[in-house]
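Chain and residue survey
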Amino acid sequence: QMAEIERCKNNWQGVIEILSEPNKKLPRADILLRIAEAQKKLGNESEYHLSLEQADNLLKQEESSGSFGHQRDRIKLLLERNASGDLQEALKRVNSEIKIRNDLETLLIASEVEIKNKNWEKAKKYLTKAENSGVNDPKLFYFQGLIEEAIGNKEQAKKNYNKALKVNPYFDPDNVKYIKNFLG
């Protein structure tokens, strides 16, 4: 929670400081992914890659021991790393995961994978399902805006981007910056 507040304020060093202690006690892939994001924002490329590698190793250990529930972290890692073949692997994994889980986080991850794959219709399907559940999530509206922008519907993109900012004007520093640039 505290790390998320620091993230929204673009205090990347604060994110690292808050997350490093719990990660030392019990390393977790999701924490390492957040640390990696912060390292990347600070321009610490070697630490960024190290955190991604540590997250990857943890996920491999968990997968090999038969642990359940880390598929979304694996997909997030693949999207973040963005190496050759990662998008195809993320697509394969998300198609499997969406059959098991239909919660907001999974639907948003699935839509993000499909957006990166430029499969607008499939991404829209996931987002519509999430929206129909009654959630009011800025990332949902941000993704809807990205799709509308990509297919040339600028007015609808503006509406969705404005909804995202209305729900939480600080939800993600990069996305908020992108939206503000788009809106002028």
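To start, this report covers the structure provided alongside it.

Conventions we followed
Residues numbered from 1 in each chain as written. Predicted model: local features only at pLDDT ≥ 70, side-chain atom pairs only at ≥ 80, totals over all residues. Heavy atoms only, no water. Axes fitted to C-alpha atoms, helices over the stretch in contact; angles between N-to-C directions. Helix = DSSP H or I, 4+ residues; strand = E, 2+ residues; numbered from the N terminus. Parallel < 35°, antiparallel > 145°, perpendicular 65-115°, else oblique. Left-handed = near helix turned anticlockwise from the far one by under 90°. Contact = heavy atoms within 4.5 Å. Nonpolar A, V, L, I, M, F, W, Y, C, P; charged D, E, K, R; others polar. Phe/Tyr/Trp six-rings, centres within 6.5 Å; stacked < 30°, edge-to-face > 60°. Buried < 20%, exposed > 50% of the residue type's maximum accessible area, 1.4 Å probe, protein only.

**Here's the deal with the packing of helix H2 (residues 12-25) against helix H3 (residues 29-41)**
Helix packing for two helices is described by the angle between their axes and how far apart those axes are. Axis separation between H2 and H3 bottoms out at 9 Å; the angle between their running directions is 150 degrees. In terms of orientation, H2 lies roughly antiparallel with respect to H3. When the axes of H2 and H3 are compared, the crossing they make is left-handed. In this structure, H2 contributes Trp 12, Val 15, Ile 16, Leu 19, Ser 20 and Asn 23 to the contact, and H3 contributes Ile 31, Leu 32, Arg 34, Ile 35, Glu 37, Ala 38, Gln 39 and Lys 41. Within the contact of H2 with H3, the residues separate by chemical class into 8 nonpolar, 3 polar and 3 charged.

**Some thoughts on the packing of H3 against helix H5 (residues 71-81)**
Between H3 and H5, the shortest axis-to-axis distance is 10 Å and the interhelical angle comes to 20 degrees. The angle between H3 and H5 places the two elements in the roughly parallel class. Note on packing geometry: the crossing formed by H3 with H5 is left-handed. Where H3 abuts H5, its residues Ala 29, Asp 30, Leu 33 and Lys 40 lie against Asp 73, Lys 76, Leu 77 and Glu 80. Its residues assigned to classes, the contact of H3 with H5 shows 3 nonpolar, no polar and 5 charged.

**A few points about the packing of aromatic side chains**
Tallied over the entire structure, the rule returns 6 aromatic pairs. Ring geometry for Tyr 142 against Tyr 161: centres 6.0 Å apart, planes inclined by 35 degrees, an arrangement best described as tilted. Linking Tyr 142 in helix H9 (residues 138-150) with Tyr 161 in helix H10 (residues 154-167), this pair joins segments that are 19 residues apart in sequence. The exposure class of Tyr 142 is buried, given its relative accessible area of 7%. For Tyr 161, a relative accessible area of 0% gives the class buried. The structure contains a cluster of three or more aromatic residues connected by ring pairs, namely Tyr 142, Phe 143, Tyr 161, Phe 171, Tyr 178 and Phe 182.

The analysis is restricted to geometry; functional conclusions fall outside its scope.
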